[in-house]
Amino acid sequence: MKEIDLRYPTCPIRNVLSRMSDKWSLLVLWTLKDADRMRYGGLRKAIPDISHKMLTSTLKHLEADHLISRQAFAEIPPRVEYSLTETGKSLMPSVRMLIDWAIKHQDAVLS
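In this report, the structure presented in the accompanying data block is examined. Small disclaimer: the values here were computed from a predicted structure and weren't measured.

1. With respect to the sheet that holds strand β3 (residues 79–84)
- An order of β1-β3-β2 is seen for the three strands of this open sheet, with the pairing classed as antiparallel. Every other strand in the sheet has two partners, leaving β1 (38–39) and β2 (68–73) as the edge strands with one partner each.
- Sheet strands in contact with helix α2 (residues 25–33) are β1, β2 and β3, and its direction is about 95 degrees off that of β3.

Put into structure tokens, the structure is as follows:
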């Protein structure tokens, strides 16, 4: 494995992990994991404490980072569905490991 030098702007932690380590991104990705596609309202119901503004912003960032795809349908009323991309799907095993670690160590971290 290539050595990572954290001092430089090319560091993966700065350029990749920081893009999905906010409060909501991993929750949105994990919510989409088991669904083939989800509409905006379904995501809001699945993550009830996320605000409209934050969900919209998070979805835009995840789409820009190629972790989710957005498909709009020309219907009345308009319909938009979100799903994980192949890149997003490839991230899920690592997210699962992080969730398992968090469950095991949350008491130590939060105390």
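2. Remarks on the packing of α2 against helix α5 (residues 86–110)
- Running from N to C, α2 and α5 point in directions that differ by 115 degrees, and their axes come no closer than 11 Å. As far as their axial angle goes, α5 and α2 are roughly perpendicular. In this structure, the crossing between α2 and α5 has a hand that is left-handed. The segment α2 lies against α5, with Leu26, Leu29, Trp30 and Lys33 engaging Leu91, Met92, Val95, Arg96, Leu98 and Ile99.
- For the contact of α2 with α5, the class distribution of residues is eight nonpolar, no polar and two charged.

3. Some points on the packing of α2 against helix α4 (residues 52–64)
- Their axes nearest at 10 Å, the elements α2 and α4 cross at an angle of 75 degrees. The orientation of α2 with respect to α4, classified from their angle, is roughly perpendicular. Here Ser25, Val28 and Leu29 of α2 come into contact with α4, specifically with Leu55, Thr58, Leu59 and Leu62.

4. Some details on unusual backbone geometry
- Following Ile76, the chain continues to Pro77 via a peptide bond in cis, the omega torsion being -5 degrees.
- With respect to the helices and strands, Pro77 occurs in the loop between β2 and β3.
- At His66, a residue that is not glycine, the phi angle is positive and equals roughly 65 degrees.

Basis of the calculations
Residues numbered from 1 in each chain as written. Predicted model: local features only at pLDDT ≥ 70, side-chain atom pairs only at ≥ 80, totals over all residues. Heavy atoms only, no water. Pairing = 2+ DSSP bridges. Helix = DSSP H or I, 4+ residues; strand = E, 2+ residues; numbered from the N terminus. Contact = heavy atoms within 4.5 Å. Axes fitted to C-alpha atoms, helices over the stretch in contact; angles between N-to-C directions. Parallel < 35°, antiparallel > 145°, perpendicular 65-115°, else oblique. Left-handed = near helix turned anticlockwise from the far one by under 90°. Nonpolar A, V, L, I, M, F, W, Y, C, P; charged D, E, K, R; others polar.

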